[in-house]
Amino acid sequence: HFGIELSYKLNNILSVAGSYSEGRTDVNSDQLSVFKDFDNIKSREYAVGMFADLGNSQLGFVYSEPMRVVSGSATIDVPVARATTGEVIRDSQQVSLTPSGKEVDLELFMNHDLKNDASISANFIRRMEPNHVRNAADEDIIIFKYRKRF
């Protein structure tokens, strides 16, 4: 696994940040398993954002591509019949683990500190090709939060 995070303060108000992560997964499966013979599984994610610190309020925008398998395969081995001799007849297929789509998330957020150790925040997130499914309908998520520390 390899990852890097960077941030840079442009001035007293604005900053930018980014992260990148790449991994390799080894799976040792039992030969009697339905899923076996995993090969070359690699995954990747990254994000970049711009943030404004306005004293009691913070604003931000983030572009991200969540963790996604970018290469890899496995064998699916399932029983499909039983011979008259009792032998189990199986069907095996090698399949790609790479999803059909590539999710992209855009997020706008605002946080405002209130008196008495409380804050309010709002987030708007647009997910395109959610869950890495090609041509999946976009999803919009709105989050409002009130936080009180005690």
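Use the structure listed above.
This structure is a prediction, so every number in the text was calculated from the model and none was measured. (Residues numbered from 1 in each chain as written. Predicted model: local features only at pLDDT ≥ 70, side-chain atom pairs only at ≥ 80, totals over all residues. Heavy atoms only, no water.)

Enquirer: Break down a nonpolar patch on the surface for me, with residues and values.
Expert: There is a patch of nonpolar side chains on the surface, built from Phe61, Leu108, Phe124, Ile142 and Phe144 and spanning about 540 Å² of accessible area. Among the structural elements, phenylalanine 61 can be located in strand 4 (residues 57-82). (Patch = residues over 30% accessible without salt bridge, like charges linked within 9 Å, V, L, I, M, F, W, Y side chains within 5 Å. Areas by Shrake-Rupley, 256 points an atom, 1.4 Å probe, with all protein chains shown as cover. Salt bridge = Lys/Arg side-chain N within 4 Å of Asp/Glu carboxyl O. Helix = DSSP H or I, 4+ residues; strand = E, 2+ residues; numbered from the N terminus.)

Enquirer: Describe the pattern of salt bridges, naming the residues involved and giving the relevant values.
Expert: Between side chains of opposite charge, a pair can form as their charged atoms come close. Applying the stated criterion to the full structure yields nine salt bridges. In this structure, glutamate 65 engages lysine 102 in a salt bridge whose closest nitrogen and oxygen atoms are separated by 3.5 Å. Of this pair, glutamate 65 sits in strand 4 while lysine 102 is found in the loop between strand 5 (88-96) and strand 6 (104-114), placing the two residues 37 residues apart along the sequence. A residue is classified by how much of its surface remains accessible, and glutamate 65, at 9% relative accessible area, is buried. We note a salt bridge from arginine 90 to aspartate 77, for which the minimum N-O separation is 2.8 Å. Of this pair, arginine 90 sits in strand 5 while aspartate 77 sits in strand 4, and the two are 13 residues apart along the sequence. (Buried < 20%, exposed > 50% of the residue type's maximum accessible area, 1.4 Å probe, protein only.)

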